[in-house]
Amino acid sequence: MDTKLENQNSLEHFNKEKLKARLGVENNEILDQILLLAKKNLPESLHELKTAINSQSFEAVKKIAHKIKGSALSLSFENLSAIALNIEKLSSFDLPKINSLLFEMEQELNYLFSIL
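Read on for a plain summary of the structure. Keep in mind the model is a prediction, meaning the values are calculated, not measured. (Residues numbered from 1 in each chain as written. Predicted model: local features only at pLDDT ≥ 70, side-chain atom pairs only at ≥ 80, totals over all residues. Heavy atoms only, no water.)

## Some words on the packing of helix H1 (residues 16–23) against helix H2 (residues 28–54)
The N-to-C vectors of H1 and H2 enclose an angle of 100°; their axes lie 11 Å apart at closest approach. Classified by the angle their axes make, H1 and H2 are roughly perpendicular. Contacts from Lys16, Leu19, Lys20 and Leu23 of H1 reach H2 at Asn28, Leu31, Ile34 and Leu35. Looking at side-chain class alone, the contact of H1 with H2 contains five nonpolar, one polar and two charged residues. (Axes fitted to C-alpha atoms, helices over the stretch in contact; angles between N-to-C directions. Helix = DSSP H or I, 4+ residues; strand = E, 2+ residues; numbered from the N terminus. Parallel < 35°, antiparallel > 145°, perpendicular 65-115°, else oblique. Contact = heavy atoms within 4.5 Å. Nonpolar A, V, L, I, M, F, W, Y, C, P; charged D, E, K, R; others polar.)

## Some remarks on the environment of Leu73
As for its position among the elements, Leu73 is in helix H3 (residues 58–74). Along the sequence, Leu73 and Phe14 sit 59 residues apart, while their C-alpha atoms lie 9.9 Å from each other. Once you skip the residues sitting within four places of it in the chain, Leu73 turns out to touch Arg22 and Ser81.

## Quick look at the side chain of Lys20
In this fold, Lys20 is placed in helix H1. One buried charged residue, Lys20, remains without a salt bridge, the closest side chain of opposite sign being Glu17 at 4.3 Å. Setting aside anything within four residues of it in sequence, one finds Lys20 in contact with Val25, Glu26, Asn28 and Leu31. (Buried < 20%, exposed > 50% of the residue type's maximum accessible area, 1.4 Å probe, protein only. Lys, Arg positive; Asp, Glu negative; His and termini not counted. Salt bridge = Lys/Arg side-chain N within 4 Å of Asp/Glu carboxyl O.)

Structure follows, in structure tokens:
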């Protein structure tokens, strides 16, 4: 049985001030560089996740979701991290549920990239 899934309704998409405090930076130029790297790396991780899903490699799916969750938490992308955690918490390869969460993740990334 799956553990309780994270509810994303109360989470923020992105908290810039929290990220600045976590990194200890006041300089927006440094922050912009970090977010630019995220814009490059997160789509690559999403592609890896899709490949693992298509290969039906459940361990790889969970491992990549864990990586995305860590990146999202580091960047104060709370909603994205909750979606990745929900994939990571799955106890079996439930393709409809994984595809639903993948769709949510794609939507969240599109939204994040539109506001960054």
